Amino acid sequence: VAPATARAGRSGVPAGPIRRPAGLAILKSDPFTKFTFEVDLRSEEPETLLVRDVELIVDWQSPTRFYYVHLAAKVDDVHNGIFLVNDADRKRLDRPTSTPQLKDKAWHHVKLERDPASGGIAVFVDDMSKPALQATDSTLQSGRVGLGSFDETGQFKNVVVRTN
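Note that the structure is a prediction, hence the values are computed from the model and not measured.

**Focus on the packing of aromatic side chains**
In step 1: Applying the stated rule across the entire model yields 4 aromatic pairs.
In step 2: Plain terms: the ring middles of Phe32 and Phe35 are 5.7 Å apart, the flat faces sit at 50 degrees to each other, and that makes the pair tilted.
In step 3: Judged by relative accessible area, Phe35 falls into the buried class, the value being 0%.
In step 4: Ring geometry for Tyr68 and Phe83: centres 5.0 Å apart, planes at 15 degrees, overall stacked. In this pair, Tyr68 is assigned in strand E5 (residues 65–72) and Phe83 in strand E6 (residues 81–86), connecting sequence segments 15 residues apart.

See below:
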């Protein structure tokens, strides 16, 4: 998929019976299975807002069935983690013990590796050799990719998806 640039110009407003991100842009494509998803991203929100976020969406099948990687300036049960939305409220797949990845307004290069056969989801930020976030789940086996925020704004550029 060719490189692309996007900007979340308005924040999303979570609504409906399922707690999930609200401001998403999903790539119009055939579903991906095993792939690497890379993007440069940054939050547009003030650095003092610890819950500000940007997200990578993977295996998107519908507005109520997808995984998302939530990058934020703090770590707790709902921030800075890997989540599954499967026709129910989001479910955290990793432990909330990671290091916050979005503490500034700088551009960060993020690489996500997805392998449905093993269930692996690994997220690398900037020059990390070990994943910043990692989870294993095989609920969803394929889908589209996207970008967004739970309820803030961010910028995205150099979006690339490579099938493995």
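Text resumes after the structure shown.
**Comments concerning the side chain of Glu45**
In step 1: If you trace the backbone, Glu45 turns up in the loop between strand E3 (35–43) and strand E4 (53–62).
In step 2: Despite its burial, Glu45 remains without a salt bridge, the nearest opposite charge being carried by Lys105 at 7.5 Å.
In step 3: Within the structure, the side chain of Glu45 is placed 2.9 Å from the side chain of Thr153, a separation counted as a polar contact.
In step 4: Aside from chain neighbours lying at most four places away, what touches Glu45 is Arg52, Lys105, Glu152 and Thr153.

**Some points on the confidence of the model for the chain**
In step 1: For the chain, per-residue confidence averages 89 on the pLDDT scale, and residues scoring 70 or more make up 89% of the total.
In step 2: Note that pLDDT drops below 50 for residues 1–9; the model gives that stretch 23 contacts with residues more than four away or on any other chain.

**Digging into the pattern of salt bridges**
In step 1: The tally for this structure, following the rule as stated, stands at 6 salt bridges.
In step 2: In this structure, Arg65 and Asp87 form a salt bridge, with 3.9 Å as the shortest nitrogen-oxygen distance. Here Asp87 lies in the loop between E6 and strand E7 (91–92) and Arg65 lies in strand E5, a separation of 22 residues in the sequence.
In step 3: Overall, Arg65 belongs to the partly exposed group, its relative accessible area being 23%.
In step 4: On the accessibility criterion, Asp87 (46% relative accessible area) is partly exposed.
In step 5: With a closest N to O distance of 3.5 Å, Glu113 and Lys111 form a salt bridge.

Each value, and the rule that gives it
- Residues numbered from 1 in each chain as written.
- Predicted model: local features only at pLDDT ≥ 70, side-chain atom pairs only at ≥ 80, totals over all residues.
- Heavy atoms only, no water.
- Phe/Tyr/Trp six-rings, centres within 6.5 Å; stacked < 30°, edge-to-face > 60°.
- Buried < 20%, exposed > 50% of the residue type's maximum accessible area, 1.4 Å probe, protein only.
- Helix = DSSP H or I, 4+ residues; strand = E, 2+ residues; numbered from the N terminus.
- Lys, Arg positive; Asp, Glu negative; His and termini not counted.
- Salt bridge = Lys/Arg side-chain N within 4 Å of Asp/Glu carboxyl O.
- Polar contact = N/O pair within 3.5 Å; in protein donor to acceptor, adjacent residues only side chain to side chain.
- Contact = heavy atoms within 4.5 Å.
- pLDDT = per-residue confidence, 0-100.

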